[in-house]
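# Chain and residue survey
For reference, the chains in residue letters:
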Amino acid sequence: MSEPSIHPDRPVGQQQRGPVTMRRNQVQQSTSEQRLLDSRGPSDWVHTDPWRVLRIQSEFIEGFGMLAELGAAISVFGSARTKVDDPMYAAAEEFGRKLVEAGYAVITGGGPGVMEAANKGASEAGGVSVGLGIELPFENGLNEWVDIGMNFRYFFTRKTMFVKYAQGFVVMPGGFGTLDEMFEALTLAQTRKVTSFPVVLFGTSYWGGLVDWLRTTMLEDGKISAADLEMFVVTDDVDEAISYIVKSGELADEAAEEAAEEAAREVDAANDPARRAQRLGSDGS
């Protein structure tokens, strides 16, 4: 038999947890404050979904705060398994250096391999070298060439930072993670969730088979359009890639300026008394 309620205006077997109503067997025998302040109680609550939401929120806040004043940046993706003596390591280092010389900060996943090389090139060139790490059982934190870094618990918050603060992407040979990041960027551009940005696939022999498959299978089967294949370039030349990125940035700036000027003209026209009177007259008002 239920014990009588000490609150006569609340039915027996009902409990309020903030805005949430709990009834019958969902009623808990302690309050949120009691569980928070009682150090003798269980600690399972730190692994609950509501607590995870706060952790996710904190990652967004910390990431936005860390990168808000970063300026123009390029994200460089590639394999953590690339060895120091691999030609792609040297190419990634060259990318880091030349991107800084072109006025960009460099963002990587902060790990070893291609990421380390790009961070090294950027840092040694005197630029801003950013690492956005992820908690993984087989990686040990950020590489030594990261000047500004943060480790994330969640892939989706980390990927948001890659996209939000980059004006372009360099995709070097990599595995599933690199493909995930590449197609994330292409999908956002294709669906116009973000403003179009340059994407460079570096390494024709590595990416050629994938590009051929996109053209001969996906395109021919009608799953993508011909314009989708123009959202990226494939090259083996670092200088060509840098020129493409810089030119794309200039075109984007020009388009933004033209859009701003057009918006200003529309505002001026709307505020012009003669034009407003003419428009009202033509409406018969």
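As a reminder, the structure under discussion sits directly above these lines.
Presented here is a report on the structure given in the accompanying data block.

So, how was this worked out
- Residues numbered from 1 in each chain as written.
- Predicted model: local features only at pLDDT ≥ 70, side-chain atom pairs only at ≥ 80, totals over all residues.
- Heavy atoms only, no water.
- Helix = DSSP H or I, 4+ residues; strand = E, 2+ residues; numbered from the N terminus.
- Areas by Shrake-Rupley, 256 points an atom, 1.4 Å probe, with all protein chains shown as cover.
- Contact = heavy atoms within 4.5 Å.
- Buried < 20%, exposed > 50% of the residue type's maximum accessible area, 1.4 Å probe, protein only.
- Pairing = 2+ DSSP bridges.
- Core = buried A, V, L, I, M, F, W, Y, C linked by side-chain atoms within 4.5 Å.
- Axes fitted to C-alpha atoms, helices over the stretch in contact; angles between N-to-C directions.
- Left-handed = near helix turned anticlockwise from the far one by under 90°.
- Nonpolar A, V, L, I, M, F, W, Y, C, P; charged D, E, K, R; others polar.

## Section: the overall build of the chain
Counting its regular elements, the chain contains 9 helices and 9 strands. In the form shown here, the chain has an accessible surface area of approximately 17,500 Å², with 53% of it arising from carbon and sulfur atoms.

## With respect to the side chain of Lys159
Relative to the assigned elements, Lys159 resides in helix H5 (residues 155-164). Dropping the residues within four chain positions of it, Lys159 is found in contact with Asp180 and Glu184.

## Some words on the pairing of strand S5 (residues 129-134)
Across the 6 residues that make up S5, a large majority, 6, are buried. Burial along S5 is two-sided: Ser129, Gly131 and Gly133 facing one way and Val130, Leu132 and Ile134 facing the other are all buried. Where strand S4 (residues 105-108) meets S5, 3 bridges bridge the pair, whose relative direction is parallel. Looking at S5, one finds that Ile107 is bridged to Val130. Across 5 bridges, S5 lies against strand S6 (residues 148-152) in parallel orientation. Bridging across to S6, Ile134 finds its partner in Phe152.

## Here's the deal with the nonpolar core
Core analysis: the biggest nonpolar cluster contains 33 residues, and Leu70, Ile107, Leu132, Phe169, Val199, Leu201 and Phe232 have the highest contact counts within it. In terms of residue count, helix H6 (residues 176-190) provides more of this core than any other element does, 5 residues in total. Ile107 has contacts with Leu70, Ala73, Ile74, Ser75, Val76, Val130, Leu132, Phe162 and Tyr165, leaving out every residue within four places of it along the chain. Val76, Tyr89, Val114 and Met172 belong to the second-largest nonpolar core, a separate cluster that totals 23 residues.

## Things to note about the sheet that holds strand S8 (residues 199-202)
If you trace the 7 strands from one edge of the open sheet to the other, you get S6-S5-S4-S3-S7-S8-S9, paired in parallel fashion. Each having just a single partner strand, S6 and strand S9 (233-235) make up the two edges of the open sheet. Strand-to-strand twist of the sheet, defined as the mean angle between neighbouring strand axes without regard to direction, takes the value 20°. Bridge analysis of strand S7 (residues 169-171) against S8 gives 3 bridges, and the strand direction is parallel. Residue pairing across strands places Val170 opposite Val200, the latter belonging to S8. Lying on the sheet, H5 is in contact with strand S3 (73-77), S4, S5, S6 and S7; it crosses S5 at an angle near 160°.

## Section: the packing of helix H3 (residues 87-101) against helix H4 (residues 114-124)
Axis separation between H3 and H4 bottoms out at 7 Å; the angle between their running directions is 35°. Relative to H4, the crossing made by H3 is right-handed. Mapping the contact onto sequence places Tyr89, Ala92, Glu93, Gly96, Arg97 and Val100 in H3 and Val114, Glu116, Ala117, Ala118, Lys120, Gly121, Ala122 and Glu124 in H4. For the contact of H3 with H4, the residue count by class is 7 nonpolar, 2 polar and 5 charged.

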